[in-house]
Amino acid sequence: MKQPIPKSEQGQVKNSTVNYEEHFSELDRLSEELGKKVSKIEQIEKELALLEKGTVQVLRAENQKLVTDIQSFHGILKDDLQKIRNDLQLDFNLHKSWTKSSLTELDKEVSRLSNQIEIKAADLGAQLDRSKMENLKYQIGLIFSCIGLLISAAFAWWRFAAK
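This write-up is about the structure you can find in this document. (Residues numbered from 1 in each chain as written. Predicted model: local features only at pLDDT ≥ 70, side-chain atom pairs only at ≥ 80, totals over all residues. Heavy atoms only, no water.)

1. Here we look at the overall build of the chain
- In terms of regular secondary structure, the chain is built from two helices and zero strands.
- Here the chain holds 163 residues, and the buried ones make up 12% of them.
- Summarising the internal contacts of the chain: among those between residues at least 6 apart in sequence, 80% fall at separations of at least 24.
- Carbon and sulfur atoms make up 61% of the accessible area of the chain, which totals about 13800 Å². (Helix = DSSP H or I, 4+ residues; strand = E, 2+ residues; numbered from the N terminus. Buried < 20%, exposed > 50% of the residue type's maximum accessible area, 1.4 Å probe, protein only. Contact = heavy atoms within 4.5 Å. Areas by Shrake-Rupley, 256 points an atom, 1.4 Å probe, with all protein chains shown as cover.)

This is the structure in structure tokens:
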């Protein structure tokens, strides 16, 4: 049975979703920048073959700068991905903990209700036994009263019939 997330935790889940969307949009932007940088590097490599030796050194410096930029973007992407993984793991653990506590509470409630039913059933059984004993007592009293009445009637008949 699927249980809804409590309102107190819905905001947290919503904030996590917004954070993930922000991370993914930033990752997309960084990926686009990375693609632009790679295409720029390729263009520079083509121009290197055509330029003189002096300009080649300038272009190499620019190329080295672009390589360091790419490496820094790569580090930023790795950090952002790790943050997203950590946030997801935290959210999963929170949801797992909440689910376990909900199930524990439900188990306690079911156990409590089961105990109440057993107690009521035992009380009804005892009450039924008392009623049976009471009924048997009245029946035995009725039988002895009838026997006494019959004996009295037989004695009276025998006494009047003998005279």
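Having put the structure on the table, let's press on.
2. What about the pattern of salt bridges?
- Throughout the structure, instances matching the rule amount to two salt bridges.
- With a closest N to O distance of 2.5 Å, arginine 29 and glutamate 33 form a salt bridge. Of the two residues, arginine 29 and glutamate 33 are both situated in helix H1 (residues 7–50); the distance of four residues between them amounts to about one turn of the helix.
- Judged by relative accessible area, glutamate 33 falls into the partly exposed class, the value being 24%.
- Taking the shortest distance from any N to any O, the salt bridge between glutamate 109 and arginine 112 comes out at 2.4 Å. Residue glutamate 109 and its partner arginine 112 are both found in helix H2 (residues 53–162); the two are separated by three residues, about one turn of the helix.
- In this structure glutamate 109 comes out as partly exposed when scored by relative accessible area, which is 35%.
- Of the residues examined, arginine 112 reaches a relative accessible area of 38% and is grouped as partly exposed. (Salt bridge = Lys/Arg side-chain N within 4 Å of Asp/Glu carboxyl O.)

3. Remarks on a nonpolar patch on the surface
- On the surface, a nonpolar cluster with roughly 700 Å² of combined accessible area is contributed by Met133, Leu136, Ile140, Ile143, Phe144, Ile147 and Ile151.
- Within the element layout of this structure, phenylalanine 144 appears in helix H2. (Patch = residues over 30% accessible without salt bridge, like charges linked within 9 Å, V, L, I, M, F, W, Y side chains within 5 Å.)

4. Side note on the packing of aromatic side chains
- Per the stated rule, a full pass over the model turns up one aromatic pair.
- The interplanar angle of 40 degrees and the centroid separation of 6.0 Å between the aromatic rings of phenylalanine 155 and tryptophan 158 together place this pair among those described as tilted. On the criterion of helical spacing, the pair formed by phenylalanine 155 and tryptophan 158 is a turn pair, its members being three residues apart in helix H2.
- Assessed through its relative accessible area of 55%, tryptophan 158 is described here as exposed. (Phe/Tyr/Trp six-rings, centres within 6.5 Å; stacked < 30°, edge-to-face > 60°.)

5. So, the environment of glutamine 71
- Within the secondary structure layout, glutamine 71 lies in helix H2.
- Glutamine 71 gets classed as exposed once you look at its relative accessible area, which sits at 53%.

6. Thoughts on the environment of isoleucine 44
- Within the secondary structure, isoleucine 44 sits in helix H1.
- Relative accessible area serves as the criterion here: at 8%, isoleucine 44 is assigned to the buried category.
- Sequence-wise, isoleucine 44 and leucine 59 are 15 residues apart; in three dimensions their C-alpha atoms are separated by 7.2 Å.
- Beyond its immediate sequence surroundings of up to four residues, isoleucine 44 is in contact with Leu59 and Leu66.

7. Brief notes about the environment of isoleucine 84
- With respect to the helices, strands and loops of the structure, isoleucine 84 is situated in helix H2.
- Expressed as a C-alpha distance, the spacing of isoleucine 84 and histidine 23, which sit 61 residues apart in the sequence, is 7.5 Å.

8. Observations concerning the side chain of aspartate 80
- Mapped onto the elements of the fold, aspartate 80 is located in helix H2.
- Despite being buried, aspartate 80 has no salt bridge partner; lysine 83 is the closest side chain of opposite charge, sitting 4.3 Å away.
- Excluding anything up to four places from it in sequence, aspartate 80 contacts Glu26, Leu27 and Leu30. (Lys, Arg positive; Asp, Glu negative; His and termini not counted.)

Note that every value here comes from positions in space, so none of it alone points to a role or purpose.
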